[in-house]
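# An overview of the molecular structure
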Amino acid sequence: MNIKKQIERLYASSVLAQVSLSGAWVAILSARGFSLAQIGFAETVFHIVSILFEIPSGILADVFGRKKTLLLSCAMRIAGNVVMVMSNSFTMVCASIALHALSYNFSSGSGDALAYDSLKLAGKESRFEKYVSNQLIIYRACEGLSTLLAGFSLFIGYRLAYSSGIVLAIAQGAVLAGLCEVRFGETNKIEFRKEVAKCFRESFLFLKKERKAMRLMFANSFVGALDILLLFFLQAKLPMAGIPNWLLGAALLFMQAGGIFGAKAILKAGRARYRAVFIACLSAIMFALALEHTALYPLMTLGGFIAAFADDALQARTDALLHEMFPSEQRATLVSIESFTFSVIMIVLSPLAGIFFATW
């Protein structure tokens, strides 16, 4: 295995997965005439499917291979885009959303698990924090680009926007096909149920024994949820604060850029203790929340930048520490449990955030 090409393929896959003309799906559905209540229900469908299949998808990745689940993620993405292009009812829209949720489930955890074990096999696992940092930069940059393309997506219409997603997913699949699988344990595919049960059982026994890993998961998920909710509500609050329409896209892009700087900055804080990093990041997000309540859109935008900075800095440090602790045989499963934790916290905090952000 050429470790350089392996990591480059994972980076390329992330770019093809994140760049999208359908990123502004809420605006696209609204332009098609769907109500906010329907759009909210579609979002609920996404989270329900994600919660139900997050951990099982991680187990399948550990049992049958991370490369296979990444390719399956591409297949689900293609299917989701095809259904949306053909959709002529809200039921079909929800079916497309569910398929996109499955695509997310099969990719979350699998890529990072494959990257860490590839680096471990090459004796370069110390470079994983830099890998996570670069992936966060790719995510923020592509999110920002998708935001800028929102107007163009509405102009060309949803069918062309989602058709472009099919092309990108096919290209992503071609990139993923060149990956090398890395396995540290043998899997008896004939005894499928036993292998799945074993992976599930040993993952939870690990978490029961390693309480520190659970604390890291909850701490990181809590900070990440605060950032996501702040940036989400700022999309609605900035226009209410008087930001000009021509400046909104640039403001949203600036906020996403905060994550890029945060992911880079944490690499310079190699000796900082995790507790100090967590306190600093949590304090930064609390400050960002205070700026959001000033009703001054320049300060609110700055708050979004600070929140993204803190979130990605903590995310990179947490992922590096967790992967050092995770056993290779259950790595994807344990990463999926971390994603499951984030989804649960989001469901709890979302209604509370709605009340909080409704007040100035």
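The text that follows walks through the structure, step by step, so that each part is easy to find. (Residues numbered from 1 in each chain as written. Predicted model: local features only at pLDDT ≥ 70, side-chain atom pairs only at ≥ 80, totals over all residues. Heavy atoms only, no water.)

## Comments concerning a positive patch on the surface
On the surface, a cluster of positive charge is contributed by Lys208, Arg211, Lys212, Arg215, Arg273 and Arg275. Mapping Arg275 onto the fold places it in helix H13 (residues 274-292). Looking at Arg275, the relative accessible area reads 64%, which means it is exposed. (Patch = residues over 30% accessible without salt bridge, like charges linked within 9 Å, V, L, I, M, F, W, Y side chains within 5 Å. Areas by Shrake-Rupley, 256 points an atom, 1.4 Å probe, with all protein chains shown as cover. Salt bridge = Lys/Arg side-chain N within 4 Å of Asp/Glu carboxyl O. Lys, Arg positive; Asp, Glu negative; His and termini not counted. Charge placed at Lys NZ, Arg CZ, Asp CG, Glu CD. Helix = DSSP H or I, 4+ residues; strand = E, 2+ residues; numbered from the N terminus. Buried < 20%, exposed > 50% of the residue type's maximum accessible area, 1.4 Å probe, protein only.)

## Some remarks on the environment of Val132
Within the fold, Val132 resides in helix H7 (residues 128-148). You can call Val132 buried: its relative accessible area is 4%. Along the chain, Val132 and Ser339 lie 207 residues apart, while their C-alpha atoms are 15 Å from each other. In contact with Val132, not counting residues within four places along its chain, are Gln315, Ala316 and Asp319. (Contact = heavy atoms within 4.5 Å.)

## A look at the side chain of Gln6
By the element assignment, Gln6 lies in helix H1 (residues 3-18). By relative accessible area, which is 2% here, Gln6 ends up buried. Dropping the residues within four chain positions of it, Gln6 is found in contact with Met1, Leu114, Ser118, Leu179, Cys180 and Val182.

## Overview of the environment of Ser133
Tracing the chain through its elements places Ser133 in helix H7. Note on Ser133: relative accessible area 0%, which makes it buried. Spatially, the C-alpha atoms of Ser133 and Ile55 are 24 Å apart, while their sequence positions differ by 78 residues. When near neighbours in sequence (up to four residues on either side) are disregarded, Ser133 contacts Ala263, Lys264, Leu267 and Ala316. Here Ala263 takes part through its backbone oxygen, which lies 2.5 Å from a polar atom of the side chain of Ser133. (Polar contact = N/O pair within 3.5 Å; in protein donor to acceptor, adjacent residues only side chain to side chain.)

## A look at helix H12 (residues 245-265)
Look at H12: 31 Å from first C-alpha to last across 21 residues, which is about the 30 Å you get at 1.5 Å a residue. Among all positions of H12, only Leu248, Ala251, Leu252, Met255, Gln256, Gly258, Gly259, Gly262 and Ala263 are buried. With its buried residues spanning 145° around the axis, H12 presents them on a single face. In this structure, H12 carries Trp246 and Phe261 as exposed residues pointing more than 90 degrees from its buried face. (Expected span 1.5 Å × (residues − 1). Arc of directions from axis to C-beta.)

## Focus on unusual backbone geometry
The phi torsion at Ala295 lies on the positive side, around 65°, for a residue other than glycine. When you line up the elements, Ala295 lands in the loop between H13 and helix H14 (297-325). What makes Ala295 partly exposed here is its relative accessible area of 32%.

## Side note on the packing of aromatic side chains
On inspection of all chains with the given rule, the structure shows 8 aromatic pairs. On the basis of an interplanar angle of 45° and a centroid distance of 5.8 Å, the ring pair of Phe34 and Phe90 is categorised as tilted. Separated by 56 residues along the polypeptide, Phe34 in the loop between helix H2 (25-31) and helix H3 (36-64) and Phe90 in helix H5 (residues 90-107) bring together distant segments of the chain. Just as Phe34 is buried, Phe90 falls in that class too. Ring centres of Phe128 and Tyr131 lie 5.7 Å apart, and the angle between their planes is 25°; this geometry places the pair in the stacked category. In this pair, Phe128 and Tyr131 are both assigned in helix H7, 3 residues apart and thus about one turn of the helix distant. Here the aromatic residues Tyr11, Tyr116, Phe128 and Tyr131 are joined through ring pairs into a cluster of three or more. (Phe/Tyr/Trp six-rings, centres within 6.5 Å; stacked < 30°, edge-to-face > 60°.)

## Here we look at the side chain of Ser164
Within the fold, Ser164 resides in helix H9 (residues 158-176). Of the polar contacts made by the side chain of Ser164, one reaches the backbone oxygen of Ala161; its length is 2.5 Å.

## Describing the nonpolar core
Grouped together as the largest cluster of nonpolar side chains are 67 residues, with contacts concentrated most on Leu10 and Leu238. Considering each element in turn, this core owes the most residues, 13 residues, to helix H11 (residues 211-240). Among residues more than four places away in sequence, those in contact with Leu10 are Leu70, Gly111, Leu114, Ala115, Tyr131, Gln135 and Leu179. In this structure, Leu29, Phe34, Ala98 and Leu102 belong to the second largest nonpolar core, which totals 22 residues. (Core = buried A, V, L, I, M, F, W, Y, C linked by side-chain atoms within 4.5 Å.)

## Some thoughts on the pattern of salt bridges
Scanning all chains against the criterion turns up 8 salt bridges. For Arg66, the salt bridge goes to Asp117, with nearest N and O atoms at 2.8 Å. Separated by 51 residues along the polypeptide, Arg66 in helix H4 (residues 66-86) and Asp117 in helix H6 (residues 110-121) bring together distant segments of the chain. Owing to a relative accessible area of 3%, Arg66 belongs among the buried residues under this scheme. The class for Asp117 is buried, based on a relative accessible area of 0%. Across the salt bridge formed by Asp227 and Arg140, the nearest N and O atoms sit 3.0 Å from each other. In this pair, Asp227 sits in helix H11 while Arg140 sits in helix H7, placing the two residues 87 residues apart along the sequence. It is possible to trace a salt-bridge network through shared partners that takes in Asp62, Arg66, Asp117 and Arg331.

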